[in-house]
Amino acid sequence: MREILDTSEPMTYGEHRPIPGWDEFGLRFGVRSMMVIALRSQTGKYWILGLHQCAEARAWSDQERSIFKEIASRISGTLTNLLLHAANAALFFG
């Protein structure tokens, strides 16, 4: 997780870059490749968004990585708005 949180770029994993526990994870869920990115809200909370490829191992293209990064950015903005709204509602309504 630290590797994912330390970058703002999508990370790709699979046969070219195994992750700890990859054999168990891949066998258990049938995942052959995945792309993940950290979602960062302005409230300081973090999440990880992932996309899995199960049918076959693959290399993600630069265009796919770019689109995935943009999707993550939009989700992060939405999370920030939701968290700030919830915090303000809690202060107002107790």
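Residues numbered from 1 in each chain as written. Predicted model: local features only at pLDDT ≥ 70, side-chain atom pairs only at ≥ 80, totals over all residues. Heavy atoms only, no water.

Student: Help me get a handle on the pattern of salt bridges, residues and values and all.
Tutor: Applying the stated criterion across every chain yields a total of 4 salt bridges. A salt bridge links Lys 69 to Glu 9; the nearest nitrogen and oxygen atoms lie 2.5 Å apart. Residue Lys 69 is located in helix H3 (residues 62-93), and its partner Glu 9 is located in the loop between helix H1 (2-5) and strand E1 (11-13); the two are separated by 60 residues in the primary sequence. Relative accessible area serves as the criterion here: at 30%, Lys 69 is assigned to the partly exposed category. Between Glu 64 and Arg 58 there is a salt bridge, with the nearest N and O atoms lying 2.6 Å from each other. Since its relative accessible area comes to 27%, Arg 58 is described here as partly exposed. (Salt bridge = Lys/Arg side-chain N within 4 Å of Asp/Glu carboxyl O. Helix = DSSP H or I, 4+ residues; strand = E, 2+ residues; numbered from the N terminus. Buried < 20%, exposed > 50% of the residue type's maximum accessible area, 1.4 Å probe, protein only.)

Student: Account for the nonpolar core, naming residues and giving values.
Tutor: General note: in soluble globular proteins, nonpolar side chains tend to be found buried as a group. Core analysis: the largest hydrophobic core is formed by 8 residues, namely Ile 4, Met 11, Tyr 13, Trp 22, Val 31, Met 34, Val 36 and Ala 38. Of all the elements in the fold, those that place two or more residues in this core are E1 and strand E2 (33-40). It is E2 that contributes the most residues to this core, 3 residues altogether. If we skip the residues at most four places from it in the chain, Met 11 touches Glu 3, Ile 4, Arg 17, Met 34, Met 35 and Val 36. Formed by 6 residues, the second largest nonpolar core is a distinct cluster that contains Ile 37, Leu 39, Phe 68 and Ala 72. (Core = buried A, V, L, I, M, F, W, Y, C linked by side-chain atoms within 4.5 Å. Contact = heavy atoms within 4.5 Å.)

Student: I'd like a rundown of the sheet that holds E1, residues and numbers included.
Tutor: With antiparallel pairing, the 3 strands of this open sheet are ordered in space as E1-E2-E3. Pairing within the sheet leaves two strands with one partner each, and these edge strands are E1 and strand E3 (46-53). Each strand axis lies, on average, 25° off the axis of its neighbour in the sheet, ignoring direction. By the bridge criterion, 3 bridges tie E1 to E2 in an arrangement that is antiparallel. Across the sheet, Tyr 13 pairs through a bridge with Met 34, a residue of E2. With respect to the sheet, H3 is in contact with E1, E2 and E3, its orientation differing from that of E2 by roughly 35°. (Pairing = 2+ DSSP bridges. Axes fitted to C-alpha atoms, helices over the stretch in contact; angles between N-to-C directions.)

Student: I'd like to hear about the side chain of Gln 53, residue by residue, with values.
Tutor: Counting through the fold element by element, Gln 53 comes out in strand E3. On the accessibility criterion, Gln 53 (19% relative accessible area) is buried. Apart from residues lying up to four places away in sequence, Gln 53 is in contact with Gly 30, Val 31, Arg 32, Ser 33, Arg 58 and Trp 60.

Everything listed here is a matter of coordinates, which is why it stays silent on function.
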